[in-house]
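Residues per chain, in single letters:
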Amino acid sequence: MAERPSSRSAQAFYIGATVRPAGLIAIILTALLVAPAPAQAASAPGWAPTGAMAVPRYLHSAVLLDDGRVLVAGGQALGGLTDVAELYDPATGTWSRAGSLLEARAGAMTIKLRTGRVLIVGGHDGTRGIDTAEVYDPTTNTWTGAGSMTVGRYYPAITMLADGRVLVAGGADGPTWSTTASVYNPRTNVWESAGTFSGESPHAGAAVTLADGRVLVAGGYGGNGASRTARFFGGGTAWSLAADMTTPRFTMTLDLLPNGHALAVGGENNGAHLNTAETFDGSQWQLTGPMHAAHDRHAATMLVNGQVLVTGGWSGTGGTTAVERYASATRSWLLEAPLGIGRWHHTATRLADGRVLVAAGGDPAGSLTATAELWTPATTLTSDPAYAFMDTAAGAATAGVVQLTNTGDQPLLADDFTLAGAQPGEFTVDGARCRQVAPGATCLLGVGFAPTGVGPRTATLTLKANTAATLHAIPLSGRGLPAAGGDADGDGVVDSADRCATLRGPVSRSGCPAGLLADPSIRYSRSGKGIRVVAYYVKATTGARVTVKCSKGCKRTVTKGRGSRRVRVTRLNGKRLAHNAKITITVSMPNRLTTTVTDRISRGRRIEGRPRCTPVGC
């Protein structure tokens, strides 16, 4: 154990060193002025306020639970250490009390176990490092003891091992820094020694488990100030040195990138707040492109697309609002919209829908805040430009679908589905399936038409999404026919309920026959954002008329279906189809529902369409 010096740099990140209780009035006013915002509601990309916590705090910890809520526990409050834990519900944008910790602690580390429970480790009790741990069970909303380590650990490095156990290394125990490590076994609720390492302690350093199972522990604050030392933990009590970082740093963050490299961001180097970051490829460290701002005592969050969002940090006098994203493909930093208020020693947790919740922390005045903010990522989408229903008798109803495709690399969040225009009351929309769409995926937005009058009927479907153009509009149209009695087509379904009044079909299909086989397949190669067709085939019902046409780039083809045998559309051979081009296959024959399939070309790949029949499904 190394003796702790009385340097101002070391004092700066110790409990309560810069918190000014005089800021209490400002905190209360801020909390009152921040209105809760329903978390599921789609909004423009960027930052928006959400509900405030009950307790202003910093040096707390946060973790995403399996049910989508966020647990925040402990920390330093204005009146001292707090044992209060709170739960954030994204469905309502509000906080509620969780069970209280068994022991108030700040600067502790939390991690979600594979059982869904949450382990909180160490921290500071106002005098020394804490050697105990606790486990939170979301099903009972209670904390229970999780044993003790051999030494107290304030601000240690923590990570989960490949087998589900948890490694905790370094940390401070009052006037000393630890050069030991411990491993927690969730199955036995017991701590075991993970050995002792030479050199400086990774107090206020960080750890990450690499793809090969080794643990990388880097940085920290030891007897000689900020450390550039990095180590490998190989299991048991085995430690070995890794290559030194390019820059000594503590109160940094360390994340594992999708390419298997580790990213170390910001921190402090003996009084200097760092605007640098570096990556480790398993053997050596390399600086990334320059950051836009210094980030120390900040938060870093892995996004759905593999980029890392870095928020806030300590400026030397208070919290900063700076936000940026790291793109590993270009090793560059992309500037993002700033936080609503500056924060440091806050938390930033990625929600299940891809957004990021930033909670509490120190504020720009050097005091504490209870406020929270939500960051919504930006993506892009394409949709059917319009949807036309088949003619429908007044009093009857027709169902359809509008396709929405997420063409970006972040989740698509859609909401506020509304109908307006000439006859909005004769159309319906069900947006439940399309409120969250994964990158590259397509969802089918349910729409319906139930005319109450005759003649052309129209409405406009609008929705909001996290895209550059937040509002999207899709015209809907249909034609109402006079209601008729009897059974004109003699299929046993009265005309008032028969959705295919001129075609015979069973009651189970509302008087409509089945659709036709329409199954296109393609071999192609990428050509820029478009494709070049090698071969295009269609399976279609034997004897049916098959029409193939493109929105651009090919001539109309008419052929006949051969059942399970594929028909090759030779006019498409070698054709280059541009981005956003469409290939539409229409299969028709007397006394059957016409089946249509529309393939789309997007960003160098084919998006396969689904068979569609109207007025009912195929």
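What you see is a predicted model; the values in this text were computed from it and never measured. (Residues numbered from 1 in each chain as written. Predicted model: local features only at pLDDT ≥ 70, side-chain atom pairs only at ≥ 80, totals over all residues. Heavy atoms only, no water.)

## Some points on the environment of valine 166
Threshold: Helix and strand definitions follow DSSP, with helices as H or I runs of at least four residues and strands as E runs of at least two, each counted in order from the N terminus. We call two residues contacting when some pair of their heavy atoms lies within 4.5 Å.
Following the sequence through the fold, valine 166 ends up in strand β14 (residues 166–169). Sequence spacing of valine 166 and serine 527 is 361 residues, and the spatial spacing of their C-alpha atoms is 48 Å. When neighbours within four sequence positions are excluded, valine 166 is seen to be in contact with Ile111, Leu113, Leu119, Ile158, Thr159, Met160, Ser182, Val183, Tyr184 and Trp191.

## Side note on the nonpolar core
For soluble globular proteins, nonpolar side chains are generally found buried alongside one another. We count it as follows: Take the buried Ala, Val, Leu, Ile, Met, Phe, Trp, Tyr and Cys residues and link them wherever side-chain atoms come within 4.5 Å; each set so joined is a nonpolar core. The cut-offs for exposure are 20% and 50% of the maximum accessible area for each residue type, with area from a 1.4 Å probe on protein chains only; residues under the lower value are buried, those over the upper are exposed, and the others partly exposed.
Leu119, Val121, Val166 and Tyr184 are the most contacted members of the largest nonpolar core, which totals 29 residues. Listing elements by their share of this core, those giving two or more residues are β9 (109–112), β10 (118–121), β11 (132–137), β13 (157–160) and β14. Among residues more than four places away in sequence, those in contact with leucine 119 are Met109, Thr110, Ile111, Leu113, Ala133, Glu134, Val135, Ala146, Val166 and Tyr184.

## Some thoughts on the pairing of strand β31 (residues 299–302)
Selection rule: A pair of strands is treated as paired once DSSP finds two or more bridges between them.
Relative to strand β32 (residues 308–311), β31 runs antiparallel, the two sharing 4 bridges. If you follow threonine 301 over to β32, its bridge partner there is leucine 309. Connecting the antiparallel pair β31 and β32 is a turn made up of 5 residues, with glycine 306 showing a positive phi of about 85°.

## Some words on the pattern of salt bridges
Selection rule: Only one rule defines a salt bridge in this text: a Lys or Arg side-chain nitrogen within 4 Å of an Asp or Glu carboxyl oxygen.
According to the stated counting rule, one finds 21 salt bridges in the structure shown. With its nearest N and O atoms 3.7 Å apart, the salt bridge here joins arginine 105 to glutamate 103. Residue glutamate 103 is classed as partly exposed on the basis of its relative accessible area of 28%. In the salt-bridge network here, residues are joined through shared partners; they are Glu103, Arg105 and Glu134.

## Quick look at the state of the cysteines
Let me state the cut-off plainly: In what follows, a disulfide is any cysteine sulfur pair within 2.5 Å.
Considering all chains together, one arrives at 4 disulfides under this definition. At a sulfur-sulfur separation of 2.0 Å, the disulfide partner of cysteine 500 is cysteine 512. Across the S-S bond linking cysteine 500 and cysteine 512, the dihedral sits near 95°, which makes this disulfide right-handed. On the criterion of sequence distance, the pair formed by cysteine 500 in the loop between β47 (471–481) and β48 (518–527) and cysteine 512 in the loop between β47 and β48 is long-range, its members being 12 residues apart. Residue cysteine 500 shares its accessibility class with cysteine 512, and that shared class is buried.

## Here we look at the sheet that holds β13
Applied cut-off: Between N-to-C directions, angles cover 0 to 180 degrees, with each direction set by a line fitted to C-alpha atoms, over the stretch in contact for helices.
Strand order in this open sheet of 4 strands is β13-β14-β17-β18, and the pairing throughout is antiparallel. Whereas interior strands pair on both sides, the edge strands pair on one side only; in this sheet they are β13 and β18 (190–196). On average, each strand axis in the sheet is tilted by 20° relative to the strand beside it, whichever way the strands run. Strand direction decides the pairing type here: β13 and β14, joined by 4 bridges, are antiparallel. If you follow threonine 159 over to β14, its bridge partner there is leucine 167.

## Section: the pairing of strand β51 (residues 557–560)
One ladder, built from 4 bridges, connects strand β50 (residues 545–550) with β51; its direction is antiparallel. Residue pairing across strands places valine 548 opposite threonine 557, the latter belonging to β51.

## Examining the sheet that holds strand β12 (residues 142–148)
Strand order in the open sheet made by the 4 strands is β9-β10-β11-β12, with antiparallel pairing throughout. Here the strands that pair on one side only, and so sit at the sheet edges, are β9 and β12. With direction set aside, neighbouring strand axes in the sheet form an average angle of 25°. The sheet contact formed by β9 and β10 spans 4 bridges and is antiparallel. Residue isoleucine 111 lies in a different strand from β10, and its bridge partner there is leucine 119.

## Side note on the packing of aromatic side chains
Spelled out, the test is: Paired rings are identified among Phe, Tyr and Trp, the last through its six-membered ring, by centres lying within 6.5 Å, and are further divided according to the angle between planes into stacked (under 30 degrees), edge-to-face (over 60) and tilted (the rest). Whether a charge sits over a ring depends on NZ of Lys or CZ of Arg being within 6 Å of the ring centre and within 35 degrees of the ring normal.
One pass over the structure, following the stated rule, counts 17 aromatic pairs. Centroid distance tyrosine 184 to tryptophan 191: 5.1 Å. Interplanar angle 45°. Geometry classified as tilted. For the pair formed by tyrosine 184 and tryptophan 191, the shared burial category is buried. Arranged with centres 5.9 Å apart and planes meeting at 50°, the rings of phenylalanine 232 and phenylalanine 280 form a pair that is tilted. Of this pair, phenylalanine 232 sits in strand β23 (residues 230–233) while phenylalanine 280 sits in strand β29 (residues 277–280), and the two are 48 residues apart along the sequence. Three or more aromatic residues joined by ring pairs make a cluster, and in this case those are Tyr387, Phe389, Phe427 and Phe449. Above the face of the phenylalanine 232 ring, arginine 214 is positioned so that its terminal group lies 3.9 Å from the ring centre. In this structure, arginine 566 is placed above the aromatic ring of tyrosine 537, and the distance from its NZ or CZ to the ring centre is 3.8 Å.

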